[in-house]
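A closer look at the structure
Here are the chains, one letter per residue:
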Amino acid sequence: MKNIKDYDLQELKKELNLIGEKPFRAEQIFKWLYEAKVKDFDEMTNLSIELRNKLKENYTMCNFNILKKQESSDGTKKYLFDVLDGNAIETVLMQYHHGKTICVSSQIGCKMGCKFCASTGIKFIRNLTSGEIVEQVLAVEQDIGERISNIVFMGIGEPLDNYDNVINAIRIINNPKGLNIGARHISLSTSGIVPKIYDLANENIQCTLSISLHATNNEKRSSMMPVNDAYHIEELLQACKDYIKITNRRISFEYALAKDNNDNLDDAKQLVKLLKGMLCHVNLIPINKIENGEYTKSTNENIIKFRDYLNEHGIVATIRRELGSDIDAACGQLRRKNLKE
Ligand code: SAH
């Protein structure tokens, strides 16, 4: 059966038209789903019983169950959700002074194979649907009884490898009649699938694009991220420049610092050369060591030196605060989990 949360407002209007219903019904349903956050068609009391029955016959509501919830000493919460087909995904809630941010997964497993990431090494199962992405936000909001203010596509999966569903989910999240979270409060992080960066540039969505760069030459980047064999740094940065030209939006580059690998001042120098003059920001992430991983965290001293070098040479750089590492909820620590695991 189809999931009603897979549709953005326009598509839902079309769907309802197929069963002989007027477009305003779609708006009513959207209100129930995303404003009232009901969990059952029977709660949609301004719809006739006949229509509610029709909806029940044709659609599910995909309400996730929380299988497990862990809370970090810093307030970060990690959820393991039952996605109702025998699989489970992780979603993380982070509390910042400026609001609540949720880190959503876009796939069950990941194909990208980045060497430093815990989502690697586990089998890719499938893409999440738009409704399953949206449901992560709804389920967390429901659990905490508060609204989420920011969304980052930085959980399990490569969002641009599940392009259509992710874009559609962003439209539902962003729609004032949907979850009503401003596009500027949504970040999408990619390992660098170049053709999809161009597609995204032309979507006219004002979300923030983050690029997982992590290295300044092809040899090193390929050794960390196999996707670099398909799209070299030069091609990736050209796509970023074109993205900025088309959208007028600042790009955020993520650079995970690994000891004795990509964290010395020579790397910082190269990074300045690559990014000079671009409308961008660098987010430095102290790398989180994963089980059997070859990379370890840079020293604090090196991280600060690296940041200062960038800032002194005209590249705005900040160090990402580490949240949730005590519950394996920090960057790169999420894994796909089977219910049986
Ligand atoms: N597939 C997307 C989004 C998921 S990862 C991407 O690659 O961008 C979100 C961010 O966490 C990416 O920048 C990723 O490179 C980074 N990351 C992954 N593993 C990490 C680790 N062990 N330590 C620090 N950052 C990591």
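Residues numbered from 1 in each chain as written. Predicted model: local features only at pLDDT ≥ 70, side-chain atom pairs only at ≥ 80, totals over all residues. Heavy atoms only, no water.

**Description of the packing of helix 6 (residues 194-201) against helix 9 (residues 233-247)**
Packing of helix 6 against helix 9 brings their axes to within 9 Å, and their N-to-C directions diverge by 0°. Comparing their axes, helix 9 and helix 6 come out roughly parallel. Of helix 9, the residues touching helix 6 (which contributes Val194, Ile197, Tyr198, Leu200 and Ala201) are Glu235, Leu236, Gln238, Ala239, Asp242, Tyr243, Ile246 and Thr247. (Axes fitted to C-alpha atoms, helices over the stretch in contact; angles between N-to-C directions. Helix = DSSP H or I, 4+ residues; strand = E, 2+ residues; numbered from the N terminus. Parallel < 35°, antiparallel > 145°, perpendicular 65-115°, else oblique. Contact = heavy atoms within 4.5 Å.)

**Some thoughts on the domain arrangement of the protein**
When the domains of the protein are assigned, the result is domain 1 (2-60) and domain 2 (65-340). For domain 1, the biggest contributors to the area lost against domain 2 are Lys5, Tyr34 and Lys37; these three give 43% of the whole. For the pair domain 1 and domain 2, the number of links is three salt bridges. Across the pair Glu135 and Lys5 runs a salt bridge whose closest N-O atoms are separated by 2.7 Å. Where domain 1 packs against domain 2, one counts seven residue pairs in polar contact (both at pLDDT 80 or more). Broken down by secondary-structure element, the contributors of at least two residues to the side of domain 1 that touches domain 2 are helix 1 (9-18) and helix 2 (23-36). In terms of residue count, helix 2 provides more of the side of domain 1 that touches domain 2 than any other element does, five residues in total. Per-class residue counts for the side of domain 1 that touches domain 2 are five nonpolar, one polar and eight charged. (Domains from an automatic or database assignment. Buried area = accessible area lost by both parts, 1.4 Å probe. Salt bridge = Lys/Arg side-chain N within 4 Å of Asp/Glu carboxyl O. Polar contact = N/O pair within 3.5 Å; in protein donor to acceptor, adjacent residues only side chain to side chain. Nonpolar A, V, L, I, M, F, W, Y, C, P; charged D, E, K, R; others polar.)

**Some details on the packing of aromatic side chains**
Following the criterion strictly, the structure yields five aromatic pairs and no others. Where Tyr7 meets Tyr59, the ring centres are 6.1 Å apart and the plane angle is 85°; that geometry is what we call edge-to-face. Within this pair, whereas Tyr7 is found in the loop between strand 1 (2-3) and helix 1, its partner Tyr59 is found in strand 2 (residues 59-60), the two being separated by 52 residues in sequence. Exposure remark for Tyr59: the relative accessible area of 4% places this residue in the buried category. Each residue in the set Phe64, Tyr79 and Phe81 is aromatic and connected to the rest through ring pairs, giving one cluster. Just above the ring of Phe124 sits the side chain of Lys111; from NZ or CZ to the centre is 4.8 Å. Over the ring of Tyr163 we find Lys196; its NZ or CZ atom is 5.2 Å from the centre of that ring. (Phe/Tyr/Trp six-rings, centres within 6.5 Å; stacked < 30°, edge-to-face > 60°. Buried < 20%, exposed > 50% of the residue type's maximum accessible area, 1.4 Å probe, protein only. Lys NZ or Arg CZ within 6 Å of the ring centre and 35° of its normal.)

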